[in-house]
Each structure stands twice: as C-alpha cells, then as structure tokens.
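The primary structure of each chain is shown beneath.
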Amino acid sequence: MRALVLPLPGTRDVAVWKIWTYYAARHSPTTMYGVGGTPPERRTLEFHGAETTVDYPPLALDELAVVGRVYRALNRPAFPDTPALTIAIKTPIVLFEVGLLVLIYA
C-alpha cells in the first residue's frame, strides 16, 4: 500500500525533508544545524520559498544527502520539485520498513 502512494505529497514532514534533501545535496550535512553563537543559532534552510531548521539526527541527514545527490545527478542541477522528488525521498523509508519487517519475521 505504501508503494502505491509514493508520488502523493504526503504530510508536512515531506515538505521539510525536501528542504533538507535539497540543502544536503548541495552542501555537507554537517553544515545544516547551526551557525554558532551563544546561545547557538539554528541555520534556516530554504527550498522553493519554504524555510525550516534541522531537528533530526545526523544519520537521517546523511541518508537524505545521498537521496538528494542521486536525484540531482539524474534530474539536472536545478533540483525540480516534482513527484519524482517525493518518490525519491519516500522510497528509502519504505525500503527500511520492508527490511525491518523481514528482520522481525526472521
């Protein structure tokens, strides 16, 4: 069922993941958290007019960076916000869930 709805826009999280994927495809994921200062300032990331900050752990950003770099290589450096981007972002999540189900079953 999850595979059938991959092209659909999804929840608000998907819009945030698009921003992170876009930024991580162009920069190192380690630069996404903040800009220093006391107290630390969170970096604001932007993609197609939407803005957000990062609040996920580094491994999640590394995974989105891989997705973003592959998507960017296949779809021009312009990084179009299309259903293909939504599918690219959601596919690893579905694959990890299938792997978890196989592990639980085993």
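Now for a quick tour of the structure. Please read all numbers here as calculations on a predicted model, not as lab measurements. All residue numbers here refer to positions counted from 1 along the written sequence of the relevant chain. Thresholds applied to this predicted model are a pLDDT of at least 70 for local features of residues and 80 or more for the giving and counting of side-chain atom pairs; totals over whole chains, interfaces and linings are not thresholded and use all residues. Hydrogens and waters are ignored; side-chain quantities use all the structure's heavy atoms.

**As for the nonpolar core**
- Here, the term nonpolar core denotes a set of buried Ala, Val, Leu, Ile, Met, Phe, Trp, Tyr and Cys residues that are joined through side-chain atoms within 4.5 Å. Three exposure classes are used, based on accessible area relative to the maximum for each residue type with a 1.4 Å probe and protein chains only: buried under 20%, partly exposed in between, and exposed over 50%. In terms of nonpolar packing, the biggest core is built from 19 residues, with Trp-20, Met-32 and Leu-45 touching the most fellow members.
- For this core, the leading source of residues is helix α1 (residues 12-26), giving seven residues.
- Throughout, a residue-residue contact means that at least one pair of heavy atoms, one from each residue, lies within 4.5 Å. Not counting residues within four places of it along the chain, the set of residues in contact with Trp-20 comprises Met-32, Leu-45, Thr-52, Thr-53, Val-54, Asp-55, Tyr-56, Leu-61 and Leu-64. Each helix corresponds to a stretch of at least 4 residues labelled H or I by DSSP, and each strand to a stretch of at least 2 residues labelled E; elements are numbered beginning at the N terminus.

**Structural notes on the pattern of salt bridges**
- Any Lys or Arg side-chain nitrogen found within 4 Å of a carboxyl oxygen on Asp or Glu counts as a salt bridge. Counted by the stated rule, this structure contains one salt bridge.
- When the shortest N-O distance is used, the salt bridge between Asp-81 and Lys-18 registers 2.8 Å. One end of the pair, Asp-81, is in the loop between α2 (58-74) and α3 (83-105); the other, Lys-18, is in helix α1, with 63 residues separating them in the sequence.

**Focus: the layout of surface pockets**
- Of the volumes computed, that of the largest pocket is approximately 160 Å³.
- Considering the residues around the largest pocket, the lining is formed by Trp-17, Tyr-56, Ala-60, Glu-63, Leu-64, Val-67, Ile-89, Pro-92, Ile-93 and Phe-96.
- Mapped by element, the contributors of at least two residues to the lining of the largest pocket are α2 and α3.
- Think of it as three bins: nonpolar holds Ala, Val, Leu, Ile, Met, Phe, Trp, Tyr, Cys and Pro, charged holds Asp, Glu, Lys and Arg, and polar takes everything else, Gly as well. Of the residues in the lining of the largest pocket, the class split is nine nonpolar, no polar and one charged. Of the two site types, the cavity is a set of points on a 1 Å grid over the protein atoms alone where a 1.4 Å probe fits but cannot get out, and the pocket is an open set with protein on both sides within 12 Å along at least five of seven lines, each lined by residues with an atom within 4 Å of a point. Grid points are joined across faces, edges and corners, and a volume is the space filled by probe spheres set on the points.

**Notes on the packing of aromatic side chains**
- Pairing of aromatic side chains here covers Phe, Tyr and the six-membered ring of Trp, requires ring centres within 6.5 Å, and sorts the geometry by plane angle: under 30 degrees stacked, over 60 edge-to-face, intermediate tilted. Scanning the entire structure with this criterion turns up five aromatic pairs.
- Ring geometry for Trp-20 versus Tyr-56: centroids 4.8 Å apart, planes at 65 degrees, classification edge-to-face. Note that Trp-20 is positioned in helix α1 and Tyr-56 in the loop between β2 (50-52) and α2, a separation of 36 residues in sequence.
- Classification of Trp-20 by relative accessible area gives buried; the value is 1%.
- Measuring from ring centre to ring centre gives 5.3 Å for Tyr-22 and Phe-79, while their planes differ by 70 degrees; the resulting arrangement is edge-to-face. Taken together, the residues span a long stretch of sequence, with Tyr-22 in helix α1 and Phe-79 in the loop between α2 and α3 at a distance of 57 residues.
- In this structure Phe-79 comes out as buried when scored by relative accessible area, which is 0%.

**Looking at the side chain of Lys-90**
- Here Lys-90 is to be found in helix α3.
- It is Glu-97 that comes nearest to the buried, bridge-free Lys-90 among opposite-charge side chains, at 11 Å.
- A 3.5 Å cut-off defines polar contacts: any pair of N or O atoms within that distance qualifies, except that in protein one atom must be a possible hydrogen donor and the other a possible acceptor, and neighbouring residues in sequence count only when both atoms are side-chain atoms. At a separation of 3.3 Å, a polar atom in the side chain of Lys-90 contacts the main-chain carbonyl oxygen of Val-5.
- Among the polar contacts made by the side chain of Lys-90, one reaches the main-chain carbonyl oxygen of Leu-8 at a distance of 2.6 Å.
- Beyond its immediate sequence surroundings of up to four residues, Lys-90 is in contact with Val-5, Leu-6, Leu-8, Pro-9, Gly-10 and Val-14. Counted as positive: Lys and Arg. Counted as negative: Asp and Glu. His and the chain ends are not counted at all.

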